[in-house]
Amino acid sequence: MKTIAISAAPRAEYGKKATKAVRRQGLIPCVIYGGGETVSFAIDEKAVKPLIYTPNSYIVEIDIDGKVEKAVMREVQFHPVREQILHIDFYMVQQGKPVAIAVPVRLT
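Bear in mind that the values here come from a model prediction, so they are computed numbers and not experimental data.

*Asks:* Can you help me understand the overall build of the protein chain in this one?
*Replies:* A count of helices and strands for the protein chain gives 2 helices and 6 strands. In the protein chain, the order of α-helices and β-strands from amino to carboxyl end is β-α-β-β-α-β-β-β. Relative to the 2.2 N^0.38 estimate, which gives 13 Å for 108 residues, the radius of gyration of the protein chain is 14 Å and therefore close to what a compact globule would have. Counting over 108 residues, the protein chain shows a buried share of 33%. Carbon and sulfur atoms provide 52% of the accessible area of the protein chain, an area that totals close to 7,300 Å². Placing the 15 positive and 11 negative side-chain charges of the protein chain at their respective mean positions leaves the two points 5 Å apart.

Set out below in structure tokens:
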């Protein structure tokens, strides 16, 4: 699988009010699950476009304040009218543990 590196900023506040403030700054609220702990962070909207608007699957190297986490994109939530990205869920990739993801298949 190909990899993409994305830098992120950690989030300390949670809830509707905090996520709306993050979106006003042009960032997308995100979460990494797996590995025992849940990490909340925000990434730039422009950095995610090559990851989302492609038929390929990628391993994402997320740099959160110097700590690099490897993950795969699990779910993306879009606004129903504007098609703006509202939230992204990532699943942590760990050595020796299987991860089940949907992979697009293109028949020719």
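There's more to say after this.
*Asks:* Hey, could you run me through the pairing of strand β3 (residues 39-44) in this one?
*Replies:* For a regular strand, the rule is simple: side chains alternate between the two faces of the sheet. By the criterion of burial, β3 is predominantly enclosed, with 5 of the 6 residues buried. As defined by bridge partners, strand β1 (residues 2-10) adjoins β3 across 3 bridges and the pair is classed as antiparallel. Residue pairing in the sheet places A9 in a bridge with A42 of β3. In textbook terms, the turn of a hairpin is the stretch between consecutive antiparallel strands, and for strand β2 (residues 27-33) and β3 this stretch comprises 5 residues, one of which, G34, has a positive phi near 95 degrees.

*Asks:* Would you mind going over the nonpolar core with me for this structure?
*Replies:* Side chains that are nonpolar tend, in soluble globular proteins, to be buried together. One finds I32, F41, I43, I62, I88 and F90 to be the most contacted residues of the largest nonpolar core, which totals 21 residues. Looking at this core, the elements that each hand over two or more residues are β1, β2, β3, α2 (45-52), β4 (58-64) and β6 (85-92). When sequence neighbours within four positions are dropped, the list of residues in contact with F41 reads A8, A9, P10, R11, I28, P29, C30, V31, I32, I62, I64 and F90.

*Asks:* Would you mind going over α2 with me for this structure?
*Replies:* Note that an α-helix has 3.6 residues per turn; residues three or four places apart therefore point the same way. Within α2 the residues assigned to the buried category are V48, L51 and I52. For α2, the buried positions fall inside an angular range of 85 degrees around the axis, keeping them on one side. Tucked into the core, α2 has its buried residues touching β1, β2, β3, β4, β5 (67-78) and β6.

*Asks:* Looking at this structure, how should I read the pattern of salt bridges?
*Replies:* Pairs can form between side chains of opposite charge once their charged atoms are near each other. Enumeration over the complete set of coordinates arrives at 1 salt bridge. Note that E69 and K67 form a salt bridge whose closest N and O atoms lie 3.4 Å from each other.

*Asks:* How do you make sense of the side chain of T19 when you look at a structure like this?
*Replies:* Looking at the element boundaries, T19 is found in helix α1 (residues 16-24). On the accessibility criterion, T19 (14% relative accessible area) is buried. The contacts of T19, once residues within four sequence positions are left out, are R11 and P29.

Rules used in this analysis
Counting from 1, residues in each chain are numbered in the order their sequence is written. Reporting in this predicted model follows two pLDDT cut-offs: at least 70 for local features of residues, and 80 or more for side-chain atom pairs to be given and counted; totals over whole chains, interfaces and linings ignore these cut-offs and use all residues. Heavy atoms from the whole structure form the basis of all side-chain values; hydrogens and water molecules are not counted. Secondary structure elements are taken from DSSP: a helix is a run of H or I of four residues or more, a strand is a run of E of two residues or more, and numbering for both begins at the N terminus. Computation of the radius of gyration draws on C-alpha atoms alone. For the globule rule, the value is 2.2 Å times the number of residues to the power 0.38. Here's how the labels work: a residue is buried when its accessible area is under 20% of the maximum for its type, exposed when over 50%, partly exposed in between, all with a 1.4 Å probe on protein chains only. Residue-level accessible areas treat just the shown protein chains as cover; the underlying method is Shrake-Rupley with a 1.4 Å probe. Neither His nor the chain ends is counted toward charge; the positive residues are Lys and Arg and the negative residues Asp and Glu. For the purpose of locating charges, the reference atoms are NZ of Lys, CZ of Arg, CG of Asp and CD of Glu. Think of it this way: DSSP has to see at least two bridges between two strands before they count as a pair. We define the nonpolar core as a collection of buried residues of types Ala, Val, Leu, Ile, Met, Phe, Trp, Tyr and Cys that are connected through side-chain atoms lying within 4.5 Å of one another. Note on definitions: a residue-residue contact is assigned when non-hydrogen atoms from the two residues lie within 4.5 Å. By construction, the arc corresponds to the directions joining the helix axis to the C-beta atoms. By definition, a salt bridge exists where a carboxyl oxygen of Asp or Glu is found within 4 Å of a side-chain nitrogen of Lys or Arg.

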